[in-house]
Amino acid sequence: MASRTENSSSKRTHLSKPCLSSSIDGFEDRQNRSSALSVHLKALSTSIKFWGWRFPNKKFKSWARKMASLHEPIWRKAGIFEAVIASTYKIPKDTDLVLGLAEKWCPDTKTFIFPWGEATITLEDVMVLLGFSVLGLPVFATVDSSGKEIMAKLEKEWKKIKNDKVCLVTKLAWMERFMNSGDELEHVGFLVLWLSYFAFPSHLFHISEAILPVAVHLSSGTKMALAPAVLAHLYADLSLLQGHIRVFSESLIKVQLDLNALFKLVQVWAWERFRELQLKPFSLLRGEPRLARWCDMKQSTSNAWRIFNNSKMDSFEWRPYTKTVKNWDFPRFYPERAMRVPVGPNLDDEFISFARCIKVSELVGIDSVEHYFPNRVASQFGMRQDVHCPVNQKKLSRDAAWNDYDKPIDGLTIYIPSRSAISCVTPMCEPQRKGFVESDETLKSRTIIGDDTSFVTSGSKMNRTSEDEMKIAENSTNKRRKYMKQAHRSTMGLCQKQVPSDNDEDDDSLTVSQVTVRYKKKYSDIKC
């Protein structure tokens, strides 16, 4: 097993307090449903098809090695080298584990709800485990004049294969045409296959025409933001799966659910973070992606439902990627000591990537747009965890969502927590705080994205000077208390209402489960 180092700090991590009418509030009901579903687990498992869980065969791995040897510089420039290599490793499917975790999913907050609070799969996980880039052009970007010639030739080949095969362009037909062809289209042809099977797969095992322009961009070294698109697809399918699980035991008619997202990420995410589930991972060879630690790891977790229902905060690894693993180099955004990095024209992309990971935004996928709330799981980034505010369910258009996601952060400074940073919850929700950053014009002493003494929050501004904080605290205490009461009384839906508190100092030392019990008793006469 690869060696690890422990966090030097013993500071206790706290999560945000529970939401009364949320999935946390209904945790006992969810536990009862989990017990009932575990009895029918086999029937539930057979009703779901994970079409996106693809295994690389010998032909694909051989082709990938050949293309990597020829085009590694282009792939690194396009930000896909690690992603392609990671796709050549087989991750055996543990269906019970995935279903047990998916049952905890909250479609509103895009987080898993555990007895002690919330956690989720973030852009950081997609980037570190699967190797996809969070930076670059959106997946809907059209090709420019330099790529139109290749695009036209590729479309011609796609249509020819489709006509020959009557309706679908199959994987086998595509490989027969392009693999080892040696012509100018072999490289882009490989990327089309890779994208169709290991980034945006479909249950029909065919090559989608929508993938062609993405492949053309990548083949020329243009960086594409594949990570948000992959995560958007996964969020959408997790919501479908959670709904399927919820109604399975109640419905007399059993339906088949087809899922195309990369659910292997859900499984590896759980292996990396839950100590009760952790196997002994393989040691990495120099140059291997982190995912290789779990290659061919076979495990059947028949008690996954019980593990997640009874999990404790202390058994959850908040920042597994900050632990030392032999032959795995830390990305630059996991420094030994905390850093403040000014944003400039020559700033390393890794720091910009970290800023993208912690920014509340909307993720633009191939055919969907999904909310992204890293502020709800700030502890996963080594930052202080604020009490949650109601989530915004209004979605932007595709173009508006992308413009917000890709908004420049020039003139700012990024705060990068140290590898040993451990976070805690703050005593009160601050609805007026709207994000991570401030410009030089509004913040004289420091301009930062994130801070060891601040919050990961939900909009465009985050940190203020101590003097500013004192004024804000003095002027807005009554407003925040009023807001908390309104949030409790409102009917925002699942995972949105916040628990009011008359004495947050006392409550701050309690666990989420203890606070849940206290507030259920205190407000049992309030109807939501």
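Before any of the text, the structure's been laid out above.
What comes next concerns the included structure. (Residues numbered from 1 in each chain as written. Predicted model: local features only at pLDDT ≥ 70, side-chain atom pairs only at ≥ 80, totals over all residues. Heavy atoms only, no water.)

### A word on the overall build of the protein chain
Scanning the protein chain from terminus to terminus reveals 18 helices and 9 strands. For the protein chain, long-range pairs separated by at least 24 residues make up 78% of all intrachain contacts whose partners lie at least 6 apart in sequence. Split by element, the accessible area of the protein chain, about 22,900 Å² in all, is 51% carbon and sulfur. (Helix = DSSP H or I, 4+ residues; strand = E, 2+ residues; numbered from the N terminus. Contact = heavy atoms within 4.5 Å. Areas by Shrake-Rupley, 256 points an atom, 1.4 Å probe, with all protein chains shown as cover.)

### Regarding helix H5 (residues 95-102)
Residues spaced three or four apart along an α-helix point in a common direction, a consequence of the helix completing one turn every 3.6 residues. Among the 8 residues of H5, 8 are classified as buried, and the element is accordingly described as predominantly covered. All of the buried residues along H5 are Thr 95, Asp 96, Leu 97, Val 98, Leu 99, Gly 100, Leu 101 and Ala 102. (Buried < 20%, exposed > 50% of the residue type's maximum accessible area, 1.4 Å probe, protein only.)

### Considering the environment of Ala 227
Position of Ala 227 relative to the elements: it lies in helix H11 (residues 226-248). Residue classification places Ala 227 among the buried residues on the basis of a relative accessible area of 0%. It is 9.0 Å that separates the C-alpha atoms of Ala 227 and Leu 363, two residues lying 136 residues apart in sequence. Those residues in contact with Ala 227 that sit more than four places away from it in its chain are Leu 123, Val 126, Phe 132, Ser 133 and Val 134.

### Re unusual backbone geometry
With phi around 60 degrees, Asn 180 is a residue other than glycine that occupies positive phi space. Relative to the assigned elements, Asn 180 resides in the loop between helix H8 (171-178) and helix H9 (186-198). Positioned with a positive phi, Asn 327 is a non-glycine residue whose angle comes to about 70 degrees.

### Comments concerning the environment of Ile 150
As for its placement among the helices and strands, Ile 150 is situated in helix H7 (residues 145-164). When the C-alpha atoms of Ile 150 and Leu 185 are compared, they prove to be 7.7 Å apart, with 35 residues separating the residues in sequence. For Ile 150, the residues in contact, after removing those within four places along its chain, are Glu 184, Leu 185, Val 188 and Val 216.

### Focus: the packing of aromatic side chains
The tally for this structure, following the rule as stated, stands at 30 aromatic pairs. Ring centres of Phe 114 and Phe 308 lie 6.1 Å apart, and the angle between their planes is 40 degrees; this geometry places the pair in the tilted category. Of this pair, Phe 114 sits in strand E3 (residues 111-114) while Phe 308 sits in helix H13 (residues 304-309), and the two are 194 residues apart along the sequence. Residue Phe 114 is classed as buried on the basis of its relative accessible area, which comes to 0%. A residue is classified by how much of its surface remains accessible, and Phe 308, at 0% relative accessible area, is buried. Taken together, the aromatic side chains of Trp 105, Phe 112, Phe 114, Trp 116, Tyr 235, Trp 269, Phe 274, Phe 308, Phe 316 and Trp 318 make up a single cluster linked through ring pairs. Here the guanidinium or amino end of Arg 54 rests over the ring plane of Tyr 197, the centre of that ring lying 4.4 Å away. The ring centre of Phe 205 lies 4.2 Å from the NZ or CZ of Arg 54, which sits over that ring. (Phe/Tyr/Trp six-rings, centres within 6.5 Å; stacked < 30°, edge-to-face > 60°. Lys NZ or Arg CZ within 6 Å of the ring centre and 35° of its normal.)

### Details of the packing of H9 against helix H10 (residues 212-219)
Two elements in contact, H9 and H10, have axes whose closest approach is 9 Å; the angle formed by their N-to-C orientations is 130 degrees. On the basis of their axis angle, the class for H9 and H10 is oblique. As H9 runs across H10, the sense of the crossing is right-handed. The residues of H10 that touch H9, namely those facing His 187, Val 188, Leu 191, Val 192, Trp 194 and Leu 195, are Leu 212, Val 214, Ala 215, Val 216, Leu 218 and Ser 219. Of the residues belonging to the contact of H9 with H10, the class tally is 10 nonpolar, 2 polar and no charged. (Axes fitted to C-alpha atoms, helices over the stretch in contact; angles between N-to-C directions. Parallel < 35°, antiparallel > 145°, perpendicular 65-115°, else oblique. Left-handed = near helix turned anticlockwise from the far one by under 90°. Nonpolar A, V, L, I, M, F, W, Y, C, P; charged D, E, K, R; others polar.)

### Some remarks on the pattern of salt bridges
Per the counting criterion, the structure on display carries 23 salt bridges. Between Glu 149 and Lys 153 there is a salt bridge, with the nearest N and O atoms lying 3.5 Å from each other. Taken as a pair, Glu 149 and Lys 153 lie in helix H7 at a separation of 4 residues, close to a single helical turn. Residue Glu 149 is classed as exposed on the basis of its relative accessible area, which comes to 53%. For Lys 153, a relative accessible area of 28% translates into the label partly exposed. As a salt-bridge pair, Arg 177 and Glu 157 come within 2.9 Å of each other at their nearest N and O atoms. With Arg 177 in helix H8 and Glu 157 in helix H7, this residue pair connects regions lying 20 residues apart in the sequence. Arg 177 sits in the partly exposed class, given a relative accessible area of 23%. Each of Lys 110, Glu 370 and Lys 395 takes part in a single network of salt bridges with overlapping partners. (Salt bridge = Lys/Arg side-chain N within 4 Å of Asp/Glu carboxyl O.)

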